[in-house]
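# A structural walkthrough
Each chain is listed here by its residues.
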Amino acid sequence: MLEAINLTKAYNGTKALDALNLKIEPSEVFCLLGANGAGKTTTISLFLNFIEPTSGTAKIKGLDVTTQPLETKRHIAYIPEQVMLYKNLTGLENLEYFSALAGHDQYSRAELLGFFDQVGLQREAAEKRVGTYSKGMRQKVGIAIALAKQAEALLLDEPTSGLDPKASNEFSELLKKLSSKGVAVLMATHDLFRAKESGTRVGMMRHGKLMTTLKTEEIGHADLERIYLEHMHD
Amino acid sequence: MNWPRFLQLELKNFLAGRGVLVGLLVIFLAGLYAIEHGRRVIAAQQKVIAATPAMQQAHLEKMLAQHATPDPLNTLYYLNFFTTHEPSSYAPLSVGLRDVNPFHLKIRILTLEGQLYDSDISNPATLALGNFDLAFLLVFLYPLLIIAFTHNTLSSEQEQGIWPLLCSQPVAPQKILAVKACLRFLPIAAIWLLTLLVAWLWLQLPLDRRFGFITLISLAYLLFWLAVSWFVMSFQRSSNFNALSLLGVWLTLTILLPAALNVALATFLPVPEAFAVTVNQREGYHQQWDRPKAETMQRFFQRYPEYAAFQAPTDKFSWGWYYAAQHLGDEDAAESSARLRAKLERRQQWMRRLAWIVPTINAQVAFNQIAQTELDDHLAYLDSVRLFHEQVRKHFYPYLLCNDAPPPVNWAQLPRHQFRAETSGPHVPVSVLSLLVLSIGLTLWARGRR
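With that settled, the discussion passes to the packing of helix 2 (residues 20-67) of chain B against helix 5 (residues 134-150) of chain B. All names here are of chain B. Closest axis-to-axis distance for the helix 2/helix 5 pair is 10 Å, and the angle between their directions is 175°. The orientation of helix 2 relative to helix 5 falls into the category roughly antiparallel. Note on element contacts: helix 5 touches helix 2 through Leu134, Leu137, Leu141, Tyr142, Leu145 and Phe149, opposite Val20, Gly23, Leu24, Ile27, Ala30, Gly31, Ala34 and Ile35. Here the residues of the contact of helix 2 with helix 5 sort into 12 nonpolar, 2 polar and no charged.

As a further point, take the domain arrangement of chain A. Residue and element names in this part refer to chain A. Domain boundaries in chain A define domain 1 (2-75 + 152-232) and domain 2 (84-150). Computed from C-alpha atoms alone, the centre-to-centre distance between domain 1 and domain 2 is 24 Å. On the side of domain 2, 12 residues touch domain 1, which itself brings 15 residues to the contact. Across the interface of domain 1 and domain 2, roughly 910 Å² is buried in total on both sides, 60% from carbon and sulfur atoms. Applying the counting rule to domain 1 against domain 2 returns 0 salt bridges. Linking domain 1 with domain 2 are 2 residue pairs in polar contact (both at pLDDT 80 or more). Of all the secondary structure elements, the ones that give two or more residues to the side of domain 1 that touches domain 2 are helix 2 (69-74) and helix 7 (165-180). Ranked by residue count, the leading element in the side of domain 1 that touches domain 2 is helix 7, at 6 residues. Partitioned by chemical class, the residues of the side of domain 1 that touches domain 2 number 7 nonpolar, 2 polar and 6 charged.

The next point concerns the nonpolar core. Across soluble globular proteins, nonpolar side chains show a tendency to be buried alongside one another. Counting residues in hydrophobic clusters, the biggest one holds 157 residues, and the most contacted among them are Phe98 and Leu186 of chain A. By residue number, the principal contributor to this core is helix 9 (residues 209-233) of chain B, which donates 16 residues. Viewed by domain, this core spans two of them, domain 1 (2-75 + 152-232) and domain 2 (84-150) of chain A, each represented by three or more residues. The residues touching phenylalanine 98 of chain A, leaving out its near neighbours within four places in the chain, are Leu85, Tyr86 and Ile145 of chain A together with Ile162, Leu165, Leu166 and Gln169 of chain B. Ranked by size, the runner-up nonpolar core spans 46 residues in total, among them Phe81, Ala324, Leu401 and Trp411 of chain B.

Residue and element names in this part refer to chain A. In the sheet, strand 1 (residues 2-11) pairs with strand 4 (residues 55-60) via 5 bridges, with the strands oriented antiparallel. Looking at strand 4, one finds that leucine 2 is bridged to isoleucine 60. The pairing of strand 4 with strand 5 (residues 63-64) spans 2 bridges and is antiparallel. Across the sheet, the residue bridging to lysine 59 is aspartate 64, located in strand 5. Connecting the antiparallel pair strand 4 and strand 5 is a turn made up of 2 residues, with lysine 61 showing a positive phi of about 55°.

Two aromatic rings are characterised by how far apart their centres lie and by the angle between their planes. Residue and element names in this part refer to chain B. By the definition in use, this model includes 41 aromatic pairs over all chains. Between phenylalanine 14 and phenylalanine 149 the ring centres are 5.2 Å apart and the planes differ by 80°, which places this aromatic pair in the edge-to-face class. Taken as a pair, phenylalanine 14 in helix 1 (residues 3-15) and phenylalanine 149 in helix 5 lie far apart in primary sequence, 135 residues in all. Grouping residues by exposure puts phenylalanine 14 and phenylalanine 149 together as buried. On the basis of an interplanar angle of 65° and a centroid distance of 5.5 Å, the ring pair of tyrosine 304 and tyrosine 397 is categorised as edge-to-face. Highlighted residues: tyrosine 304 in the loop between helix 12 (293-303) and helix 13 (319-355) and tyrosine 397 in helix 15 (residues 375-400), separated in sequence by 93 residues. Residue tyrosine 397 is classed as buried on the basis of its relative accessible area, which comes to 1%. One aromatic cluster in this structure is built from Tyr77, Tyr78, Tyr285, Trp289, Phe317, Trp319, Trp321, Tyr322 and Tyr323.

Attention now goes to the interface of chain A and chain B. Contact with chain A, which involves 25 residues of that partner, is made by 25 residues of chain B. Buried surface at the junction of chain A and chain B, both sides included, amounts to about 2,500 Å², of which 63% is carbon and sulfur. The largest contributions to the chain A side of the interface with chain B come from Tyr86, Tyr97 and Leu101 of chain A, which together make up 26% of the buried area. Where chain A touches chain B, the interface holds 2 salt bridges.

Moving on: the packing of helix 6 (residues 135-148) of chain A against helix 7 of chain A. All names here are of chain A. Between helix 6 and helix 7, the least distance of the axes is 12 Å, while the angle of their chain directions is 10°. Classified by the angle their axes make, helix 6 and helix 7 are roughly parallel. Mapping the contact onto sequence places Lys140, Ile143 and Leu147 in helix 6 and Ala167, Phe171, Leu174 and Leu178 in helix 7. Residue classes in the contact of helix 6 with helix 7 are distributed as 6 nonpolar, no polar and 1 charged.

Our next topic: helix 2 of chain B. The terminal C-alpha atoms of helix 2 of chain B lie 68 Å apart, and with 48 residues this matches the ideal 70 Å at 1.5 Å per residue to within 8%. The largest bend in helix 2 of chain B comes to about 45°, at threonine 52 of chain B, with the proline proline 53 of chain B one to four residues further on.

With that settled, consider the side chain of arginine 184 of chain B. All names here are of chain B. Assignment of secondary structure puts arginine 184 in helix 8 (residues 173-202). Among buried charged residues, arginine 184 stands out as having no salt bridge; its nearest opposite-charge side chain is glutamate 10, 4.8 Å away. In this structure the side chain of arginine 184 is engaged in a polar contact, spanning 3.0 Å, whose partner is the side chain of asparagine 152. Contact partners of arginine 184, with chain neighbours within four places excluded, come to Phe14, Phe149, Thr150, Asn152, Thr153 and Ser156.

Here is what the cut-offs are and how they apply
- Chains are numbered independently. Their residues run from 1 in the order of the written sequence.
- Starting at A for chains and at 1 for ligands, labels are handed out in the order in which the entities are written.
- Only residues with pLDDT of at least 70 get local features here, since the model is predicted, and only at 80 or more are side-chain atom pairs given and counted; chain-wide, interface and lining totals rely on the full set of residues.
- Side-chain numbers come from the whole structure's heavy atoms, not from hydrogens or water.
- Convention adopted: a line fitted to C-alpha atoms gives each axis, helices being fitted over their contacting stretch, and angles between N-to-C directions are expressed from 0 to 180 degrees.
- Each helix is a run of H or I in the DSSP string that is no shorter than four residues. Each strand is a run of E no shorter than two, and both are numbered from the N terminus.
- Our angle categories are set so that under 35 degrees counts as roughly parallel, over 145 as roughly antiparallel, 65 to 115 as roughly perpendicular, and the remainder as oblique.
- Any pair of residues with heavy atoms lying within 4.5 Å of one another is described as a contacting pair.
- Residue polarity is assigned by list, with Asp, Glu, Lys and Arg as charged and Ala, Val, Leu, Ile, Met, Phe, Trp, Tyr, Cys and Pro as nonpolar; anything else, Gly included, falls into the polar class.
- Bear in mind that the domain bounds are from an automatic or database domain assignment.
- Each of two parts loses accessible area, computed with a 1.4 Å probe, when they are put together; buried area is these two losses added.
- By definition here, a salt bridge exists when the distance from a side-chain nitrogen of Lys or Arg to a carboxyl oxygen of Asp or Glu is within 4 Å.
- Pairs of N or O atoms are called polar contacts if they sit within 3.5 Å, as long as, within protein, a hydrogen donor faces a hydrogen acceptor (for residues adjacent in sequence, only side-chain-to-side-chain pairs).
- Nonpolar cores are built from buried Ala, Val, Leu, Ile, Met, Phe, Trp, Tyr and Cys residues. Side-chain atoms within 4.5 Å join them into one set.
- Each residue's exposure class comes from its accessible area (1.4 Å probe, protein chains only) as a fraction of the maximum for that residue type: buried when under 20%, exposed when over 50%, partly exposed otherwise.
- At least two bridges found by DSSP between two strands are what make those strands a pair.
- The criterion for an aromatic pair is that two Phe, Tyr or Trp rings (for Trp, the six-membered ring) have centres within 6.5 Å, with stacked assigned to planes under 30 degrees apart, edge-to-face to planes over 60 apart and tilted to the rest.
- Take the residue count of a helix, subtract one, and multiply by 1.5 Å to get its expected span.
- Note that bend, as reported per residue, equals the angle between axes fitted to the 7 residues terminating at that residue and the 7 residues originating from it.
- Only four residue types enter the tally: Lys and Arg on the positive side, Asp and Glu on the negative side; His and the chain ends are excluded.

Printed below as a string of structure tokens:
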């Protein structure tokens with residue numbers, strides 16, 4: 001579903017991402033772990049074609065994202081670390097706005113509100129202007145937008161940052177549900193606990209390199225933290 | 001993608017922005033004021049013009065009462081003939097130079113060149129600022145609203161952090177951006193069209209080609225500013241950078257460049273002829289007092305051989321000789337006067353050429369041409385006064401240039417002046433074209449920059 005082949009991004013000779021090779025199949029939830037500046041966000045930005053790779057290829061459903069940016073974006077949904085929305089519109093209208101852009105015009109009001117239920121946002125809030133929302137509420141609208149897009153792959157850049165533990169937990173459940181429906185997920189995160197809970201695989205990144213990948217079912221929470229710290233150590 | 005819903009929400013979001021509705025309301029109210037202001041300025045002129053025939057009659061009666069005895073022809077020396085430059089029905093939209101140039105002149109049958117350039121007493125500060133008419137509103141203030149609404153089309157999304165989410169959608173960001181910019185522009189264009197509609201109803205403008213031209217030229221001008229904003233947007237800089245650059249462009253195009261070009265025209269095309277006209281006409285006439293009367297009459301008869309039978313008395317004053325001498329002042333000033341006119345026309349020509357590359361001048365000149373309030377229109381009025389002056393002179397020459405006692409003058413039937421030319425400006429389609437070419441050029445340039 002998502003594939004990186006020798007994917008490299010350099011800024012003035014410094015490699016932000018160094019020859020990443022990665023394949024994420026449908027139903028897989030791949031969590032990228034690593035310190036700030038390890039190359040997690042760069043990886044996601046490359047898949048979104050926000051930046052051009054220095055060399056190598058990022059593919060979505062077998063299509064090169066640089067040559068077919070619009071077609072590949074049809075299949076993915078993106079949740080940034082800080083979901084920012086149109087302040088003068090309500091949550092519901094923002095959802096409609098981005099759904100309209102994504103080409104989904106068939107949603108009824110009830111269906112749209114259904115997405116808010118799924119992400120745990122109160123219906124009253126859906127009718128309020130986003131200008132009055134907390135960060136967590138905006139994050140939930142961002143998740144609802146991704147759900148409504150019915151994407152086959154999700155690109156998540158620390159999506160739960162700023163969510164309370166309960167909301168975070170609900171989000172993990174949601175990811176599991178989506179993964180069981182065949183959605184492939186690439187998630188950058190700092191949350192080891194969450195990665196172990198909702199991920200099927202985790203990858204450790206450091207200085208733009210993917211150091212190691214592990215299957216979460218084969219390790220315990222304590223192991224994950226130990227391995228993470230080992231890799232982060234100089 | 002679902003365009004109708006997207007456009008609807010986009011428009012809703014934009015209109016709910018701070019100051020947007022207020023801005024639109026203010027510019028609409030300013031439009032109403034501009035219409036009324038233009039209407040008042042022109043109505044005041046029309047009032048004077050309408051009162052002219054009665055004023056002429058009262059003046060004639062007064063002069064006859066004072067000067068008709070013993071010689072009724074004595075009256076002619078004091079008698080003013082009133083001429084007026086009637087405004088076109090579109091003049092209230094663009095008062096143009098009708099405030100600087102006189103719209104009425106009274107002339108006597110003395111040397112004409114000394115009488116053509118009189119003007120009314122008016123407040124120079126008011127003249128310097130110009131009139132707050134629709135043309136001013138369009139040329140100066142509408143661009144500011146376009147700048148205010150569109151300068152941050154891209155940058156506000158980037159600064160608020162919405163842009164990445166938009167870019168992750170399967171629609172080209174360029175396309176979304178273009179739609180957003182157009183959508184911000186549309187309410188402004190709509191308010192402008194509404195203002196034109198109000199002007200049409202309020203001023204009861206005749207619905208002809210001119211209304212179409214006004215609509216076209218103004219929309220093309222507004223589009224030009226959208227293109228400028230779009231061009232600045234293509235630098236992908238911050239909202240502050242965009243706003244400041246656009247204000248710089250606005251200041252350059254509305255104030256600095258027109259002022260600079262005005263100075264340039266005055267420097268490269270000076271009119272020393274204006275002074276020459278004054279000197280020549282004065283000397284041309286006054287010299288005649290020192291010359292033998294026969295010589296003066298000889299020159300006069302070259303121009304008007306039909307009166308050659310007249311013999312001016314050499315021993316005493318005669319009106320026939322006096323007006324012939326007056327006319328020679330005009331004859332002597334004819335060449336410099338023609339050169340002055342040609343020079344003014346050359347200035348106009350150059351200004352029109354420069355207008356192709358300076359949209360603000362372009363729009364203003366086009367408005368003035370449609371409203372017929374340009375310098376050309378004033379020159380045409382002066383030409384009509386010249387013709388009328390000759391008509392009056394020729395009306396009285398048979399009485400003045402006769403050897404026997406002249407027949408009684410029929411004071412009830414005197415020549416009357418009328419000048420009102422209602423035509424549509426021929427340069428307007430080219431003006432529209434030049435604005436569109438500039439707009440498209442900027443858009444393509446912006447595209448090439450990405």
